[in-house]
Amino acid sequence: MARQLSGRLVLATHNKGKLREMQALLAPFHIEVLSAGELNLPEPPETGTTYIENARIKAMSAVHETGLPALADDSGMDVAALDGAPGVYSADWAGEPRDWDVAMGRVETQLRQIGALAGSPPRASFHSTLILRWPDQHEEIFEGRVDGTLVFPKRGDRGFGYDPIFVPDGQGLTFAEMAPEVKNAVPEDDSLPISHRARAFVQLRAACLWTKKP
Ligand code: IMP
């Protein structure tokens, strides 16, 4: 069984979109959630080549700075016809400062160049790797994935990152056309949530057996 967590937890992210989603997913539980941004924590360079390595870098840095348990999410979008790119480099494709139109434009241009926009919609998947790490170096890993297709031009103005071009399988709307409560809803029954992040959170919450607020 996973180790129990009570008291304070640092969310090791400076990404406002991710932070909003992680806070909402943790809101029903008895945990005091702090964020790397509000604590002015440094943003460590993500030098890993896998989602797990990068999530660990962020979690370890937040634990080191605060002495508290930390939860990090490393995520990204893998496009099948681009051999999995942008993948772990999803944020980098937006340049500096981050411009998500640039990132989505790069995906579209590269797909067009290889003729992958001529036939059926390109396949893609979103991945979320969560690492929950304690000051004594104990850690637990949870992963969520959702498959879908890409649409161009982009649709919707909610969400963040690549949300406007991704339609999860079984849904007619892009992530950016859905209300965040729908994208990240955790069903009461055993059915899967829609988003990769909510899918990873379901495992995290089940493993940690957190008590719900009344
Ligand atoms: P990182 O985990 O900080 O390396 O950033 C992951 C990047 O992947 C984000 O900055 C987004 O561009 C993209 N991404 C991850 N999850 C989502 C999502 O739920 N919607 C849209 N884009 C996402």
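What counts as what
Residues numbered from 1 in each chain as written. Predicted model: local features only at pLDDT ≥ 70, side-chain atom pairs only at ≥ 80, totals over all residues. Heavy atoms only, no water. 1 Å grid on protein atoms, 1.4 Å probe; cavity = no way out; pocket = protein on both sides within 12 Å on 5 of 7 lines; lining within 4 Å. Points joined across faces, edges and corners; volume = space filled by probe spheres on them. Helix = DSSP H or I, 4+ residues; strand = E, 2+ residues; numbered from the N terminus. Pairing = 2+ DSSP bridges. Right-handed = clockwise from strand over helix to strand, strands pointing away. Near = heavy atom within 4 Å. Polar contact = N/O pair within 3.5 Å; in protein donor to acceptor, adjacent residues only side chain to side chain. Areas by Shrake-Rupley, 256 points an atom, 1.4 Å probe, with all protein chains shown as cover. Sits in = over half its atoms within 2 Å of the grid points. Contact = heavy atoms within 4.5 Å. Core = buried A, V, L, I, M, F, W, Y, C linked by side-chain atoms within 4.5 Å. Buried < 20%, exposed > 50% of the residue type's maximum accessible area, 1.4 Å probe, protein only.

Topic: the layout of surface pockets
Okay, so step 1: Volume-wise, the largest pocket comes out at about 780 Å³.
Okay, so step 2: If you go around the largest pocket, you meet 35 residues; those closest to its centre are N15, K18, E46, A91 and R98.
Okay, so step 3: For the lining of the largest pocket, the secondary structure elements donating two or more residues are α2 (51–66), β3 (70–79) and α5 (196–208).

Section: the pairing of strand β2 (residues 32–35)
Okay, so step 1: Two elements, strand β1 (residues 8–11) and β2, share four bridges in a ladder whose sense is parallel. Each residue of the ladder has a partner; that of V10, found in β2, is L34.
Okay, so step 2: Handedness of the crossover is the feature at issue here: the chain leaves β1, passes through helix α1 (residues 16–26), returns alongside β2, and the resulting connection is right-handed.

Considering the site of the ligand
Okay, so step 1: Near the ligand, the surroundings consist of 19 residues, among which K18, W100, D163, K183 and R197 are the closest.
Okay, so step 2: A distance of 3.0 Å separates an oxygen atom of the ligand from a polar atom in the backbone of S75.
Okay, so step 3: One of the side-chain nitrogen or oxygen atoms of K183 is found 2.8 Å away from an oxygen atom of the ligand.
Okay, so step 4: Notes on the ligand: free accessible area 490 Å², of which the protein chains cover 96%.
Okay, so step 5: Judged by the proximity of its atoms to the pocket grid, the ligand belongs to the largest pocket.

Concerning unusual backbone geometry
Okay, so step 1: Residue P86 follows A85 across a cis peptide bond; omega there is -5°.
Okay, so step 2: Although it is not a glycine, D83 adopts a positive phi angle of roughly 55°.
Okay, so step 3: If you trace the backbone, D83 turns up in the loop between β3 and α3 (100–113).
Okay, so step 4: At Q137, a position not held by glycine, the phi torsion is positive, near 80°.
Okay, so step 5: Mapped onto the elements, Q137 comes out in the loop between β4 (123–133) and β5 (139–150).

A look at the side chain of T129
Okay, so step 1: With respect to the helices and strands, T129 occurs in strand β4.
Okay, so step 2: A distance of 3.0 Å separates a polar atom in the side chain of T129 from a polar atom in the side chain of E143.
Okay, so step 3: Residues in contact with T129, not counting those within four places in the same chain, are Y51, I52, A55, A72, D73, D74, I141, F142 and E143.

Points about the nonpolar core
Okay, so step 1: Residues M77, V79, V107, L150 and Y162 are the most contacted members of the largest nonpolar core, which totals 20 residues.
Okay, so step 2: Among the elements that make up this core, the one with the highest residue count is α3 (four residues).
Okay, so step 3: Grouped together as the second largest cluster of nonpolar side chains are 19 residues, L25, F29, L204 and C208 included.

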